[in-house]
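# A closer look at the structure
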Amino acid sequence: MQYLLKSGILYAQNQTVPLARIKSCFCSPEKQILSADNAFLCRTHIQHRQGAPEGNAPHCKEYVLQDPQGTPLAIAWPQYALDAEAQPDGWSLCHMPRVDYAIVTAKGTAYQLVMHNSQNYSLLCPDGTVAVQVLHRGVTGGWNIQAQIEYSPCFLCGLFAFCRYMERENEFPVV
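In this report, the structure presented in the accompanying data block is examined. These numbers were taken from a predicted model, which means no experiment stands behind them. (Residues numbered from 1 in each chain as written. Predicted model: local features only at pLDDT ≥ 70, side-chain atom pairs only at ≥ 80, totals over all residues. Heavy atoms only, no water.)

## A short note on the packing of aromatic side chains
Applying the stated criterion across every chain yields a total of five aromatic pairs. Between Tyr121 and Trp143, the aromatic rings sit 6.3 Å apart at their centres with planes inclined by 45°, giving tilted as the arrangement. Here Trp143 lies in strand S12 (residues 143-147) and Tyr121 lies in strand S10 (residues 120-124), a separation of 22 residues in the sequence. For Tyr121, a relative accessible area of 0% corresponds to the buried category. Since its relative accessible area comes to 8%, Trp143 is described here as buried. The structure contains a cluster of three or more aromatic residues connected by ring pairs, namely Tyr63, Phe162 and Tyr165. (Phe/Tyr/Trp six-rings, centres within 6.5 Å; stacked < 30°, edge-to-face > 60°. Helix = DSSP H or I, 4+ residues; strand = E, 2+ residues; numbered from the N terminus. Buried < 20%, exposed > 50% of the residue type's maximum accessible area, 1.4 Å probe, protein only.)

## Thoughts on the pairing of strand S4 (residues 31-35)
In terms of burial, S4 is largely enclosed, as four of its five residues are buried. In terms of strand pairing, strand S3 (residues 18-24) meets S4 through five bridges, oriented antiparallel. If you follow Ile22 over to S4, its bridge partner there is Ile33. Counted along the chain from S3 to the antiparallel partner S4, the turn is six residues long, and its residue Cys27 has a positive phi close to 55°. Strand direction decides the pairing type here: S4 and strand S5 (residues 40-48), joined by four bridges, are antiparallel. Residue pairing in the sheet places Gln32 in a bridge with Arg43 of S5. Connecting the antiparallel pair S4 and S5 is a turn made up of four residues, with Asn38 showing a positive phi of about 65°. (Pairing = 2+ DSSP bridges.)

## Concerning the side chain of Gln133
Within the secondary structure layout, Gln133 lies in strand S11 (residues 130-136). Owing to a relative accessible area of 19%, Gln133 belongs among the buried residues under this scheme. Looking at Gln133, its side chain comes within polar contact range of the side chain of Ser122, at 3.3 Å. With near-sequence residues (within four places) excluded, Gln133 lies in contact with Asn120, Tyr121, Ser122, Asn144, Ile145 and Gln146. (Polar contact = N/O pair within 3.5 Å; in protein donor to acceptor, adjacent residues only side chain to side chain. Contact = heavy atoms within 4.5 Å.)

## Remarks on unusual backbone geometry
Working note: non-glycine residues mostly have negative phi, and peptide bonds are mostly trans. For Cys27, which is not a glycine, the phi torsion comes out positive at approximately 55°. Topologically, Cys27 is positioned in the loop between S3 and S4. Backbone geometry at Lys107 places phi at a positive 50°, although glycine is not the residue there. Along the chain, the position of Lys107 falls in the loop between strand S8 (99-106) and strand S9 (109-117). Of the residues examined, Lys107 reaches a relative accessible area of 85% and is grouped as exposed.

## With respect to the nonpolar core
Core analysis: the largest hydrophobic core is formed by 38 residues, its most contacted members being Leu113, Leu123 and Val132. Counting residues per element, this core draws most heavily on helix H1 (residues 153-169), which supplies 10 residues. Look past the residues within four positions of Leu113 in its chain and what remains in contact with it is Asp100, Tyr101, Ala102, Val104, Tyr121, Ser122, Leu123, Leu159, Phe162, Cys163 and Met166. (Core = buried A, V, L, I, M, F, W, Y, C linked by side-chain atoms within 4.5 Å.)

## Regarding H1
For H1, spanning 17 residues, the distance from its first C-alpha to its last is 25 Å, which sits close to the expected 24 Å at 1.5 Å a residue. Counted residue by residue, H1 has 12 buried out of 17 residues, so it is predominantly covered. Looking at H1, one finds that the buried residues are Cys154, Phe155, Leu156, Cys157, Gly158, Leu159, Phe160, Ala161, Phe162, Cys163, Tyr165 and Met166. (Expected span 1.5 Å × (residues − 1).)

In structure tokens:
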């Protein structure tokens, strides 16, 4: 399945009718995902990790995709790059940890969301095959989303939000 995400609106390739749209919330990383007729489908947000840590980022956040009733549809745990592990005395002020992948759990399956760079992401199945690819379209703008099977527009928009959240983890903090 081929999709186009442009200006926060998801389209099936070569279609003009939107499948869903992403709406940002003012001064918050939360995103609302709305249907073509502006009905609320789901939302994404970032929260502090609950319970035991997953992977190599013990004090990190988790990204959550929730349905209108608040039930999680997918949860992602960002992970530090293998070469970005902390020294025994902690992180230096000039070296922040770099996130380059996340463990994503959706419908009981653990996927790996890999950030190849800020314009290329892959969602990998447990066996290592690519389930979804998110590619920036360059100067024409927007994003191409290629899925091996059909996913809901809500999930695809949520996955895109997770990609953007991972990218923001690597931004240099300015105070």
